Amino acid sequence: MASDKVKVVNKGGKRYLTIDCSDSPHGPSIADYPQRMAQVVEFLTTGEVDRIILSDVYERVYDEKQTLMLKEIAGLVNKFKAAAVWAPSLLGGEKCSRFLPKRRGIVVDIASNLLRTDPIRSYIKCLEAIELEKAKLGIIQPEYKHCTEKYIQTLEFLRANLESTELIQELKSYIRKLKTVPPGRGFYRSMFEAQLKPSFIGSRISFDLPKEIELLDQYKVKDTNISIYKHPEKIEYLYYLDPPEYALSPEHYFLMSKTKEIVSGYHPEGLEFTDLATSKEYFKKIYETTINDIARENKIALSPEEVSALASIVVRYTIGFGIMGLLLSDEKLTDVYLDAPLGYKPVYIVHSEYGPCQTNVIFSNEEAESIVSRFRSMSGRPFDEAHPVIDFDLQEYHTRTATIGKPLSPDGIGFALRIHKSTPWTIPQFIDVNMFPSDVAGLLSFLLDAQASTLVVGSRGSGKTSMLMSLMLEILRSQRIITIEDTLEIPVEQMRKIGYNICRLKTRSSISVGAVASEVSPEDALRTALRLGESVLIMGEVRSREALVLYEAMRVGAVGNVVMGTIHGENAYSIWDRVVNDLGVPNTSFKATDMCVTSAPIRFKGSIRRARRLIEITEIGKHWYEDPQKEGGLIDLVTYDATKDKHTIHKNTLYEDSEFFKKIRKMRGMDIDTIWTDITYRGKSKQHLVDLKNTHKIPELLEAVNSVRANDMYLLFQEQSRREHGSVVYDKVYNEWTNWVENQLLKELLSRRKASEEAKQQ
Ligand SMILES: Nc1ncnc2c1ncn2[C@@H]1O[C@H](COP(=O)(O)OP(=O)(O)O)[C@@H](O)[C@H]1O
Ligand SMILES: [Mg+2]
């Protein structure tokens, strides 16, 4: 093999032995080709490298552990040679001279020839030789005994050395378990499963799966299959991507990489498009033309579907964000973590149904660098030693990105990406996923209608922001809403389309070092909001200093209407403890909050999936002075029992202890039974939507657009009833409303679906 095909390349402080196998009869695989293994071992007897890459159209990357295993073998080759284990004296010397040629052949095989191409066979051969010679000792003529023992000693030396290697250790444990010697080269395939990557792509993907793995779920994201597995020995699940570009035929691969090479000239680094989605469509068309041209020149036949599939891949690696973009397109993911140092550990993700998962992707530093330079130009912010953090919203993927670099992250670039749902959660959707039952939904809806100031409490990822959005949808659209967020999570655009009147204020992120001067602090934003006059005030997340202003505003009633926000904590008491004791908010201000709604992630016993549940609705009473817990100032309206997965509304508390309900009774002139009926019917109506959605398999029914429309109609019928009868006749209202939902809303949605299915078939 020509030596120009073998190179040592230095990348990111690591040395890679790279062998170009494209014109060689021996393929690019250590496992499958004995000559390739021998070539690598031979190189390692003198060369120092950390990893090995064998390439043809794809690159096979052998990691450091695998390289180390081969280095050990190379080390033995050197050691045996230096010890000249085949020297006559070590084979038994003159006394055994008649056996020497044969013994020499065996030892040369074990210690050199086989050792390079097939170390397993070398070890087996060694064991067999020892066994044979030991058996002979008993029957052999006495004069040969001593010199045969000498030979056995040499064989034992070989054996001990072989057994000191990782590879033979693995082999031994295989033999112990299966009681047989692995046939052929299958064992190497399991030890030297390489990570595969197309040579122009940075990310490596491993397709290695342990045998006892259990497939839990499978679905498609764009053109890529996703599989979720349960590993027998790991707590977290495995999230495996199988993008088509990692398994293209050589011809298709050629077309794709050639196209990419040509078109990368079209958009120089730094050029960005405000609307990525439309530019993707535009460029895909250009790429399709290019692919067709190259295919024609090279006489490669392609169907239109193949052209389109290849063009999509090129889009992914030019305008898209490669494998990162693919991960961000999975609506079921909530977080993606690419930790520094990149290139070693697989990417971690948090799946909304399966919790934290390890992926089969190893992201590379080069890819990270190119993404960072795009982030820099898109956000207009610096990223260097003086500004080692960039965080901004990647609107197209509904993602909040946080990127850190040196010196804050001494191991280099790392990313934390948070993906948000593109449409707001709705209360019926929450009923549908059992976040809370319909009677609790009715209560929440009533509380919002009664303008309860509400804090949504929970740990990170427990669903606070989602809950906040669903509560926002219960606010009448005649009211003006002001949102204050540092991370733009609330889908304001969507809500405006539905008819909400929202004024959005964005504040400086609390974690950003490289903040842009034009962004204001949360406290200032809040002050501005308060000056904007009467409106519902939504604080995306109450973190620290702004809490003071917020509570003060609530106390003096400056905001007029409802105030809602999310805050990190375990329950109402822990919020009080933090806000009052740590942040110094006075108790009297804290009492401006009416309700704390707490949610939490729950892992049910024996269940694979992680679920989220509302676990408490706590009223903040007004008649306590020092400690709300001790003085009965925290009034539980709803509690949750995880062992039974059951919510309880404490009706007695609502009837007797609740100060909030006493106030409502007085203010609205409603007796408590009527309030209870109101709550029940609100719950029933939401449940009805959920039931219809499930019977007719029409998830759109629960989306914000439609559930808000249904809610409006409900209120309209109520209003009508009040006009006609002087008070609301609940069962009549409910009947009129269900009629409308079934005969109007549902029919509309079903016929729209039918039309779009027909359109697809044509
Ligand atoms: N009940 C639920 N069931 C399934 N997924 C949920 C539920 N509530 C929230 N989520 C999802 O969980 C993720 C985290 O929710 P989020 O509201 O951002 O949490 P937090 O604000 O508490 O950090 C989001 O992707 C959201 O869509
Ligand atoms: Mg949140």
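Residues numbered from 1 in each chain as written. Chains lettered and ligands numbered in written order. Predicted model: local features only at pLDDT ≥ 70, side-chain atom pairs only at ≥ 80, totals over all residues. Heavy atoms only, no water.

*Asks:* How should I be thinking about the pattern of salt bridges in this particular structure?
*Replies:* Any two side chains of opposite charge can pair, given that their charged atoms come close. Enumeration over the complete set of coordinates arrives at 41 salt bridges. Between R159 and E156 there is a salt bridge, with its nearest N and O atoms 3.3 Å apart. Pair noted here: R159 and E156 are both in helix α6 (residues 142-163), with a separation of three residues, about one helical turn. According to the relative accessible area criterion, R159 is partly exposed, its value standing at 29%. A salt bridge links E485 to R504; its shortest N-O distance comes to 3.8 Å. Placement of the pair is E485 in strand β18 (residues 480-485) and R504 in strand β19 (residues 501-506), with a sequence separation of 19 residues. Its relative accessible area of 2% is what places E485 among the buried residues. (Salt bridge = Lys/Arg side-chain N within 4 Å of Asp/Glu carboxyl O. Helix = DSSP H or I, 4+ residues; strand = E, 2+ residues; numbered from the N terminus. Buried < 20%, exposed > 50% of the residue type's maximum accessible area, 1.4 Å probe, protein only.)

*Asks:* Would you explain the nonpolar core in this entry?
*Replies:* Soluble globular proteins tend to bury their nonpolar side chains together. Ranked by internal contacts, the top residues of the largest apolar core, which has 72 residues, are F436, I617, F661 and W737. Examining the composition of this core, we find that nine residues originate from one element, helix α26 (residues 730-761), more than from any other. Ignoring any residue separated from it by four or fewer positions in sequence, one finds I617 in contact with V440, L443, L444, L447, M595, C596, V597, I635, D636, L637 and V638. Judged by nonpolar contacts, the second largest core, of 60 residues, contains L196, V336, Y354 and V361. (Core = buried A, V, L, I, M, F, W, Y, C linked by side-chain atoms within 4.5 Å. Contact = heavy atoms within 4.5 Å.)

*Asks:* Could you clarify how one ought to interpret helix α20 (residues 572-582) in this entry?
*Replies:* The α-helix advances 3.6 residues per turn, and as a result positions three or four apart in sequence lie on the same side. Within α20, burial applies to A572, I575, W576, V579 and V580. Buried residues of α20, viewed axially, fall in a sector of 100 degrees; they line one side. Downstream of α20 by a residue or two, G584 has a phi angle that is positive, lying close to 80 degrees. (Arc of directions from axis to C-beta.)

*Asks:* What's the story with the domain arrangement of the chain in this structure? I'm lost.
*Replies:* When the parts of a complex come together, some accessible area is lost, and that lost area is often used as the size of the interface. Structurally, the chain comprises domain 1 (1-194), domain 2 (244-419) and domain 3 (427-667). On a C-alpha basis, the centres of domain 2 and domain 3 stand 37 Å from each other. (Domains from an automatic or database assignment.)

*Asks:* Help me understand the state of the cysteines in this model?
*Replies:* Linking two cysteines covalently through their sulfur atoms gives a disulfide. This structure, assessed with the given rule, holds one disulfide. The disulfide that involves C96 links it to C147, with 1.7 Å between the sulfurs. Looking down the S-S bond of the C96 and C147 bridge, the torsion is 65 degrees, so its handedness is right-handed. With C96 in the loop between α3 (88-91) and α4 (100-117) and C147 in helix α6, the pair connects residues that are 51 residues apart, well separated along the chain. (Disulfide = S-S within 2.5 Å.)

*Asks:* Would you take a moment to explain the site of ligand 1 for this structure?
*Replies:* Every one of the 17 residues lining ligand 1 counts as a neighbour, but W425, G461, K464, T465 and S466 are closest to it. Between an oxygen atom of ligand 1 and a side-chain N or O atom of W425, the distance comes to 2.9 Å. At 2.7 Å, a side-chain N or O of T465 approaches an oxygen atom of ligand 1. A total of 560 Å² of accessible area belongs to ligand 1 in isolation, and the protein chains cover 88% of it. Sort the elements by how many residues they give to the shell around ligand 1 and helix α16 (residues 464-472) lands first, with three residues. Each residue belonging to the shell around ligand 1 can be placed in one class, and the counts come to four nonpolar, seven polar and six charged. (Near = heavy atom within 4 Å. Polar contact = N/O pair within 3.5 Å; in protein donor to acceptor, adjacent residues only side chain to side chain. Areas by Shrake-Rupley, 256 points an atom, 1.4 Å probe, with all protein chains shown as cover. Nonpolar A, V, L, I, M, F, W, Y, C, P; charged D, E, K, R; others polar.)

*Asks:* How should I be thinking about unusual backbone geometry in this particular structure?
*Replies:* Note on backbone geometry: most residues besides glycine have negative phi, and most peptide bonds are trans. Omega for the bond connecting A340 with P341 falls within 30 degrees of zero, at -5 degrees, which places this linkage in the cis form. Assignment of secondary structure puts P341 in the loop between β10 (333-338) and β11 (348-351). In this structure, P407 follows K406 across a cis peptide bond, with omega equal to 0 degrees. Structurally, P407 can be placed in the loop between β15 (399-404) and β16 (414-419). You will see that H398, though not glycine, has its phi angle at about 50 degrees, which is positive. Along the chain, H398 falls in the loop between β14 (389-394) and β15. In this model, K697 sits at a positive phi of 45 degrees, which is unusual for a non-glycine residue. Tracing the sequence through the fold places K697 in the loop between α24 (672-696) and α25 (704-725).

*Asks:* Looking at this structure, how should I read the pairing of strand β8 (residues 224-230)?
*Replies:* Regular strands have side chains that alternate between both faces of the sheet. Of all seven residues making up β8, five are buried, and the element is well covered by its neighbours. Where strand β7 (residues 214-221) lies against β8, seven bridges are found, and the strand directions are antiparallel. Bridge pairing in β8 links D217 to I228. The hairpin formed by β7 and β8 contains two residues between the paired strands, and K222 there has a positive phi angle of roughly 55 degrees. Note that β8 and strand β9 (residues 237-242) share five bridges and pair antiparallel. The residue bridging S227 from the neighbouring strand is Y240, located in β9. In sequence, β8 turns back onto β9 through a hairpin of six residues. (Pairing = 2+ DSSP bridges.)

*Asks:* Hey, could you run me through the packing of aromatic side chains in this one?
*Replies:* How two aromatic rings sit relative to each other is given by the distance of their centres and the angle of their planes. Within the structure shown, the criterion is met by 24 aromatic pairs. Summarising the aromatic geometry, the rings of F321 and Y397 are spaced 6.0 Å apart at their centres and angled 75 degrees between planes, so their arrangement reads as edge-to-face. Here F321, found in the loop between α11 (304-318) and α12 (322-328), pairs with Y397, found in the loop between β14 and β15; they are 76 residues apart in sequence, far enough to count as distant. Judged on exposure class, the residue F321 and its partner Y397 are both buried. Between the aromatic rings of F375 and F392, the centroid separation amounts to 5.2 Å while the plane-to-plane angle is 80 degrees, which identifies the pairing as edge-to-face. Here F375 is found in helix α13 (residues 365-379), whereas its partner F392 is found in strand β14, with 17 residues between them in sequence. Exposure class is identical for F375 and F392. Each is buried. Ring pairing ties together the aromatic residues F321, F375, F392, Y397 and F415, which thus form one cluster. (Phe/Tyr/Trp six-rings, centres within 6.5 Å; stacked < 30°, edge-to-face > 60°.)

*Asks:* For this particular structure, what's the right way to read the side chain of S445?
*Replies:* Within the element layout of this structure, S445 appears in helix α15 (residues 438-449). Looking at S445, the relative accessible area reads 2%, which means it is buried. Of note is the side chain of S445, whose polar atom sits 2.9 Å from the side chain of E474. If sequence neighbours within four positions are ignored, S445 has contacts with E474, R682 and K686.

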